[in-house]
Amino acid sequence: MVNTLPNQTAVQPTVLQLPSDQDATGRTLGAEEIALVTEAIQSGTLTSTKGKFVKALEQKFAELLGVKYAYACSSGSAAVHVAVAAIDPEPGDEIITTSVTDMGALTPILYQGAIPVFADVDPKTWNVTAETIERCLTDRTKAIIVTHLFGNPCNMTDIMALANARGIPVIEDTAQAFLAQHNDQYVGSIGTIGCFSLQQGKHITTGEGGIVATNDDAIARRMFLFINKAFGYGDPNPDHYFIALNYRMNELTGAVATAQLSKLNGVVERRRAAAAKLTEKLQGLPGIETPAVDSRNVHVYWKYCLRVDSNVVTNGAVGLAKKLKEDKGIFSAPRYIQKPAFQCEIFEKQRTFGNSRFPFTLARPEAVDYTPAKFPGTFEGLEKVLVLPWNEAYTDEHIDYIADAIKQALAQLS
Ligand SMILES: *Cc1c(COP(=O)(O)O)cnc(C)c1O
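So, how was this worked out
- Residues numbered from 1 in each chain as written.
- Predicted model: local features only at pLDDT ≥ 70, side-chain atom pairs only at ≥ 80, totals over all residues.
- Heavy atoms only, no water.
- Axes fitted to C-alpha atoms, helices over the stretch in contact; angles between N-to-C directions.
- Helix = DSSP H or I, 4+ residues; strand = E, 2+ residues; numbered from the N terminus.
- Parallel < 35°, antiparallel > 145°, perpendicular 65-115°, else oblique.
- Left-handed = near helix turned anticlockwise from the far one by under 90°.
- Contact = heavy atoms within 4.5 Å.
- Nonpolar A, V, L, I, M, F, W, Y, C, P; charged D, E, K, R; others polar.
- Near = heavy atom within 4 Å.
- Polar contact = N/O pair within 3.5 Å; in protein donor to acceptor, adjacent residues only side chain to side chain.
- Areas by Shrake-Rupley, 256 points an atom, 1.4 Å probe, with all protein chains shown as cover.
- Domains from an automatic or database assignment.
- Buried area = accessible area lost by both parts, 1.4 Å probe.
- Salt bridge = Lys/Arg side-chain N within 4 Å of Asp/Glu carboxyl O.
- Pairing = 2+ DSSP bridges.
- Patch = residues over 30% accessible without salt bridge, like charges linked within 9 Å, V, L, I, M, F, W, Y side chains within 5 Å.
- Buried < 20%, exposed > 50% of the residue type's maximum accessible area, 1.4 Å probe, protein only.
- Phe/Tyr/Trp six-rings, centres within 6.5 Å; stacked < 30°, edge-to-face > 60°.
- Lys NZ or Arg CZ within 6 Å of the ring centre and 35° of its normal.

1. Examining the packing of helix H10 (residues 316-328) against helix H13 (residues 396-413)
Packed helix pairs are characterised by how far apart their axes lie and by the angle those axes make with each other.
For step 1, the next point in the chain: Between H10 and H13, whose axes approach to 9 Å, the crossing angle comes to 120 degrees. If you check the angle between H10 and H13, you find them oblique. The interaxial crossing formed by H10 with H13 has right-handed handedness. Together, Gly319, Leu320, Lys323, Leu324, Asp327 and Lys328 of H10 and Tyr401, Ala405, Ile406, Gln408, Ala409, Leu410, Gln412 and Leu413 of H13 make up the contact between the two elements.
For step 2, the next point in the chain: Classifying every residue of the contact of H10 with H13 gives 8 nonpolar, 3 polar and 3 charged.

Next comes the structure, spelled out in structure tokens:
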């Protein structure tokens, strides 16, 4: 290598900067949020126990989703914790969940002393199905948690039929699926409880935040209490009724969330329209499959996922990701999560409270047997998936850029 100034004539690949959900280029934060936050600060009341913003958010969200109750909390992980606590499992009870999800959907199960039992996923949608859930059912099953992964609903018709036949509550982790629908019903309002996240990268955001939703009076009461140190605000003789944390959302967050909520429909529509355009442009390309969406579903595209066939595309999803990044500056994520949840140390080494391994000490051996052969869909799904970053701010130019980048990369890799 000759030590000279950079070669001025070398052709630099032109890279189009895509809007990002990690900063203002791909977020809908603006004047409305500033106005409401200002109002919250000027009111001098920043706790939701006394203020009006979080209460207004809860009411608006319940109306939008078409449920009786919604309660705001501090994160999506907190929302799942609130849901599990409301179900109130006995130590060692089993809660069926998915091997492909955010860890925030799993650790709450352990904190409440229950055993997560991993259902395999459909490798074409990365979602659990009634069939994979059924294989995990035992007389110790206390609840089922489904994640509508990437914004594409699970088959709730079949899952609810299975759960209802056994009287088992279903918690819908809807963190990635605001306003997604199955059979004309919003997901998060179909099961017993819906859980939502307002984290930086979700459809709408307050940086951190969460919401739980339900139609069930008793569950609603327990969720409200669990968010509030189980203190019976408003009761004649209020007490701390059971073990619970402070998971409240504050008024500043509530103000931003209220403004964000008014933009949610638009965000979802733009994401869907952009996704439809990309799907159209990618039709018939060898070696990739565009998202598989059941005709009963409305997919809200938290991310846009391709399935990449390594028999056709050199090095499969990893190879395609590398090319997209090197040639076009597009950062995509092969595998989504590096490994199935059950291969993380928390499960493999049962790292929980001190050296106790509680609650794993109460588990049936089969419930904590993570033999890979039990999870063919999970391994195939993670091997094939390529997660493209997706955003409501994508223009036709961005979509053309992504589509052309994929076409060029595939031409070179096949
Ligand atoms: C983001 C997410 C969570 C956790 O939400 P946080 O707000 O990050 O705690 C849980 N489940 C799923 C599916 C998520 O995408």
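2. Considering the side chain of Arg271
For step 1, the next point in the chain: Here Arg271 lies in helix H9 (residues 264-281).
For step 2, the next point in the chain: Discounting chain neighbours no more than four positions away, the residues touching Arg271 are Arg27, His203, Val300, Tyr301, Trp302, Trp390, Asn391 and Glu392.

3. Structural notes on the site of the ligand
For step 1, the next point in the chain: In the region of the ligand, 13 residues are neighbours, and Gly76, Ser77, Asp173, Ser197 and Lys202 sit closest.
For step 2, the next point in the chain: Here Gly76 contributes a backbone N or O atom positioned 2.8 Å from an oxygen atom of the ligand.
For step 3, the next point in the chain: Asp173 has a polar side-chain atom sitting 2.6 Å from a nitrogen atom of the ligand.
For step 4, the next point in the chain: The fraction of the free accessible surface of the ligand (380 Å²) that becomes covered by protein chains is 92%.
For step 5, the next point in the chain: Residue composition of the shell around the ligand, grouped by class: 2 nonpolar, 8 polar and 3 charged.

4. Description of the domain arrangement of the protein
For step 1, the next point in the chain: Its domain assignment divides the protein into domain 1 (24-263) and domain 2 (265-337 + 378-413).
For step 2, the next point in the chain: For domain 1 versus domain 2, the distance between C-alpha centres works out to 28 Å.
For step 3, the next point in the chain: At the interface, 35 residues of domain 1 touch 31 residues of domain 2.
For step 4, the next point in the chain: Of all residues in domain 1, Trp126, Phe150 and His203 give up the largest surface area on contact with domain 2, accounting jointly for 26% of the area buried on that side.
For step 5, the next point in the chain: At the surface where domain 1 touches domain 2, the tally comes to 2 salt bridges.
For step 6, the next point in the chain: Residue Lys124 pairs with Glu289 through a salt bridge whose shortest N-O separation is 3.4 Å.

5. Points about the sheet that holds strand E5 (residues 170-173)
For step 1, the next point in the chain: Pairing is mixed across the open sheet formed by 7 strands, whose spatial order is E1-E9-E8-E5-E4-E2-E3. A single partner strand is all that each edge strand has here, and the edge strands are strand E1 (69-73) and strand E3 (115-119). With direction set aside, neighbouring strand axes in the sheet form an average angle of 20 degrees.
For step 2, the next point in the chain: Of the pairings in the sheet, the one linking strand E4 (residues 141-147) to E5 comprises 4 bridges and is parallel in character. Bridge pairing in E5 links Ile145 to Ile171.
For step 3, the next point in the chain: Together, E1, strand E8 (193-197) and strand E9 (210-214) form the strand contacts of helix H7 (residues 217-227), whose direction differs from that of E1 by roughly 15 degrees.

6. Regarding a nonpolar patch on the surface
For step 1, the next point in the chain: On the surface, Tyr111, Phe353, Phe358 and Leu362 cluster together into a nonpolar patch covering about 370 Å² of accessible area.
For step 2, the next point in the chain: Along the chain, the position of Phe358 falls in the loop between helix H11 (345-348) and helix H12 (376-384).
For step 3, the next point in the chain: Among the residues examined, Phe358 registers a relative accessible area of 30% and is labelled partly exposed.

7. Here we look at the sheet that holds strand E11 (residues 297-298)
Neighbouring strands of a sheet are bound in pairs by backbone hydrogen bonds; such pairs are parallel or else antiparallel.
For step 1, the next point in the chain: Spatially, E7-E6-E11 is the arrangement adopted by the 3 strands of the open sheet, whose pairing is antiparallel. With partners counted over all chains shown, the strands left at the sheet margins are strand E7 (185-186) and E11, one partner each.
For step 2, the next point in the chain: Bridge count between strand E6 (residues 181-182) and E7: 2 bridges; the pairing is antiparallel. By the bridge assignment for E7, Gln181 is matched with Tyr186.

8. With respect to the pattern of salt bridges
For step 1, the next point in the chain: For the structure on display, the rule yields 23 salt bridges.
For step 2, the next point in the chain: Of the charged contacts, one joins Lys384 and Glu380 as a salt bridge, the two residues approaching to 3.3 Å between their closest N and O atoms. Residue Lys384 and its partner Glu380 are both found in helix H12; the two are separated by 4 residues, about one turn of the helix.
For step 3, the next point in the chain: For Glu380, a relative accessible area of 29% translates into the label partly exposed.

9. Comments concerning the packing of aromatic side chains
For step 1, the next point in the chain: One pass over the full model with this rule turns up 22 aromatic pairs.
For step 2, the next point in the chain: Where Phe118 meets Phe347, the ring centres are 5.0 Å apart and the plane angle is 90 degrees; that geometry is what we call edge-to-face. Here Phe347 lies in helix H11 and Phe118 lies in strand E3, a separation of 229 residues in the sequence. Both residues of the pair, Phe118 and Phe347, belong to the buried class.
For step 3, the next point in the chain: Note on Phe353 and Phe358: the rings are 6.5 Å apart at their centroids and 50 degrees apart in plane angle, and the pair reads as tilted.
For step 4, the next point in the chain: Taken together, Phe118, Phe342, Phe347, Phe360, Tyr370, Phe375 and Phe379 form an aromatic cluster joined through their ring pairs.
For step 5, the next point in the chain: We note Lys303 situated over the ring of Trp302; from NZ or CZ to the ring centre the distance is 4.6 Å.

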